[in-house]
Each structure stands twice: as C-alpha cells, then as structure tokens.
Amino acid sequence: GAVVSQHPSWVICKSGTSVKIECRSLDFQATTMFWYRQFPKQSLMLMATSNEGSKATYEQGVEKDKFLINHASLTLSTLTVTSAHPEDSSFYICSARNAGAQETQYFGPGTRLLVL
Amino acid sequence: GENVEQHPSTLSVQEGDSAVIKCTYSDSASNYFPWYKQELGKRPQLIIDIRSNVGEKKDQRIAVTLNKTAKHFSLHITETQPEDSAVYFCAARSGGSQGNLIFGKGTKLSVKP
C-alpha cells in the first residue's frame, strides 16, 4: 500500500522559534497533500491543501503567514510553523492523495510539537 | 459546505459483540465515504471506503452501508476483538473528485475482553 512518511516524529522547541515538518510520499506521486492539526481526543482539522507547484489553499481561520506550506515536488510537502507559541503545540498530520487513485488519502505518522 | 455528524462519541462492547457507528452528511453531491481507524498516538489508517454508486461493501469483519437518500452511512464491525479498540473517524468528500475530506468527530470504541 501507499506509504507516507513524516519527519520529525516529535519536536520540542522554545517559544519564538520556527519548526519545519516534512511530509513525503514514498512510493507514489502525490499531486495534492493535506495538512491537519489534531488536538487531544479531537478530530482531524484540515489546515490547508497543498498542490504541487502552486500556492497552498488555507482553511478559514488558519494564518498562512504563520503556517508556511511548500509543495516543491510530487513527493514532498513541508509545513513551517513560524514564531511558534505554546498554543501551537499540537499533533500535526499530513496526508497525501495518490495521483493515480485520486480518491484515496493516506496519512503520515504525525508530528507531535511541543512549544515551551 | 459539507458537514459530517458522527455518533456515538464513545462505544463500549464485549468481545465478540458487534459495533455500529453512524454518520450523516449534508452535501448530497458527496460521493466518497472512507472510514479511518486511529490508535492512540498513531496515524489514521484507512480501513474501508465506499462510493456513492454502491450501497454496501464488506471486508471480512468490517462492512459499510450507505443510504444516499437519507444521507447517512454506517460502519459495522462484527465479532469484535480487543485490538479493534481505537478511535474511528468517518469522512465524506465534498466538492467533486478533487474535493477535500470532511471528517466526523470520531468514535472511541472500547472492546472489553
């Protein structure tokens, strides 16, 4: 089956620093990747949709200048949390849609971010 | 836009019993409905999906039914086992073939041995 990797799996940083999270589709090409945020015991909240070679589409309420998304290739998308604050602490999960089977989305293992 | 409601939020069953989780959606144009299983601290795993041209789909102990008229779909797990314990999310895809998945709030299933 399709594999999506995410790095790092967890990160602890000081308030004010920036953190970059990578999402890779390992065995398929992903024209579209999605970034979700998940708080404890809650559902997956879509933050933005990332299309290869174009600007990301952000959901309402998500600050595009704070959560920078880059989708430079068909296998890599990055999310950078800029000037992180404690309230940004969360579980961030990416998902990739297989270009050859456009309905199915596969999730990465997630990145747990803790901002001190 | 699409809105997905999922019930119940928690479900506890005895090992061997069946579990049913129900979801409703609002956008009649939605045509793809996946179910994901998420264990604590792990990624959501696709366990089964159904498209709007099909009323029911089964994969071993797991089945999904879809009622387009009523705009609801359900996950059925038979002969539950302790390893079925997890949070289950339903989703509906809105906006056509390139649309986004809208997730329900999840159901925490506990299977007691």
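Basis of the calculations
- Sequence order as written defines the numbering, with residues in each chain counted from 1.
- Chain labels run from A onward and ligand labels from 1 onward, assigned in the order the entries are written.
- Totals for whole chains, interfaces and linings use every residue, but because this is a predicted model, local features are given only for residues with pLDDT of at least 70 and side-chain atom pairs only at 80 or more, for both listing and counting.
- Side-chain metrics in this entry use all non-hydrogen atoms of the structure; hydrogen atoms and water are not considered.
- Disulfides are defined as pairs of cysteine sulfur atoms found within 2.5 Å of each other.
- Per the convention used, a helix needs a DSSP run of H or I reaching at least four residues, while a strand needs a run of E reaching at least two, with both numbered from the N terminus.
- Throughout this description, buried means an accessible area under 20% of the type-specific maximum (1.4 Å probe, protein chains only), exposed means over 50%, and partly exposed covers the range between.
- The term salt bridge refers to a pairing of a side-chain nitrogen on Lys or Arg with a carboxyl oxygen on Asp or Glu at a separation within 4 Å.
- If DSSP finds at least two bridges between two strands, the strands pair.
- Fitted lines through C-alpha atoms give the axes, limited to the stretch in contact for helices. The angle between two N-to-C directions lies from 0 to 180 degrees.
- Note on definitions: a residue-residue contact is assigned when non-hydrogen atoms from the two residues lie within 4.5 Å.
- Throughout this description, a polar contact denotes any pair of N or O atoms lying within 3.5 Å of each other; where both atoms belong to protein, one of them has to be capable of donating a hydrogen while the other can accept it, and for residues adjacent in sequence the pair is counted only when both atoms sit in side chains.
- Simply put, the buried area is the total loss of 1.4 Å probe accessible area from both parts when two parts are fitted together.
- As a working rule, the residues Ala, Val, Leu, Ile, Met, Phe, Trp, Tyr, Cys and Pro are called nonpolar, Asp, Glu, Lys and Arg charged, and the rest polar, with Gly in that last group.

Asker: Can you walk me through the state of the cysteines in this structure?
Answerer: Formally, a disulfide is one covalent bond, and it connects the sulfur atom of one cysteine to the sulfur atom of another. In the structure shown here, the tally under the stated rule is two disulfides over all chains. What pairs with C23 of chain A in a disulfide is C94 of chain A, and their sulfur atoms sit 2.0 Å apart. Judged by the sign of its S-S torsion, about 75°, the cystine formed by C23 of chain A and C94 of chain A is right-handed. Here C23 of chain A, found in strand 3 (residues 19-25), pairs with C94 of chain A, found in strand 9 (residues 90-98); they are 71 residues apart in sequence, far enough to count as distant. Bridging C23 of chain B to C90 of chain B, the disulfide has an S-S length of 1.9 Å. Handedness of the C23 of chain B-C90 of chain B disulfide follows from its S-S torsion of about -100°: it is left-handed. Separated by 67 residues along the polypeptide, C23 of chain B in strand 3 (residues 19-25) and C90 of chain B in strand 9 (residues 86-93) bring together distant segments of the chain. Using a relative accessible area of 0% as the deciding quantity, one classes C23 of chain B as buried. Here C90 of chain B falls in the buried class, since its relative accessible area comes to 0%. For the unlinked cysteine C13 of chain A, the closest cysteine sulfur is that of C94 of chain A, found at 18 Å. Exposure remark for C13 of chain A: the relative accessible area of 9% places this residue in the buried category.

Asker: Just to check I follow, could you spell out the pattern of salt bridges for this structure?
Answerer: Close approach of charged atoms allows side chains of opposite charge to pair. All names here are of chain B. Summed over all chains, the structure comprises seven salt bridges over all chains. The partner of E39 in a salt bridge is K42, with the nearest N and O atoms 4.0 Å apart. Given a relative accessible area of 33%, E39 falls into the partly exposed group. Judged by relative accessible area, which is 48%, K42 ranks as partly exposed. Here R51 and D49 are joined by a salt bridge, their closest N and O atoms 3.7 Å apart. Each of K37, E39 and K42 takes part in a single network of salt bridges with overlapping partners.

Asker: Hey, could you run me through the sheet that holds strand 7 (residues 67-73) of chain A in this one?
Answerer: Picture the strands of a sheet paired through backbone hydrogen bonds; they go either parallel or antiparallel. Residues and elements named next belong to chain A. The strand order 1-3-8-7 describes an open sheet built from four strands, whose pairing is antiparallel. Unpaired on one side and paired on the other, strand 1 (4-7) and strand 7 mark the two borders of the sheet. Averaged over all pairs of adjacent strands, the angle between their axes in this sheet comes to 15°, without regard to strand direction. Examined bridge by bridge, strand 1 and strand 3 share four bridges and lie antiparallel to one another. Counterpart to V4 in the pairing with strand 3 is S25.

Asker: Explain the environment of D27 of chain B to me, please; I cannot follow it from the model alone.
Answerer: All names here are of chain B. Its place among the elements puts D27 in the loop between strand 3 and strand 4 (32-38). With 26 residues separating them in the primary sequence, D27 and N53 have C-alpha atoms 16 Å apart. With residues up to four places along the chain from it excluded, the contact list for D27 reads E2, K71, S94 and G95. Engagement of the side chain of D27 in a polar contact is seen with the backbone nitrogen of A29, the distance being 2.9 Å.

Asker: Can you help me understand the interface of chain B and chain A in this one?
Answerer: Interfaces are often sized by the accessible area lost when the parts come together. Opposite the 20 residues of chain B that make contact, chain A presents 21 residues. Where chain B abuts chain A, roughly 1600 Å² becomes buried across the two surfaces, and 44% of that area is made up of carbon and sulfur atoms. Where chain B touches chain A, the interface holds zero salt bridges. Put simply, the parts of the chain that give the side of chain B that touches chain A at least two residues each are strand 4, strand 5 (45-51), strand 9 and strand 10 (101-103) of chain B. Per-class residue counts for the side of chain B that touches chain A are seven nonpolar, seven polar and six charged.

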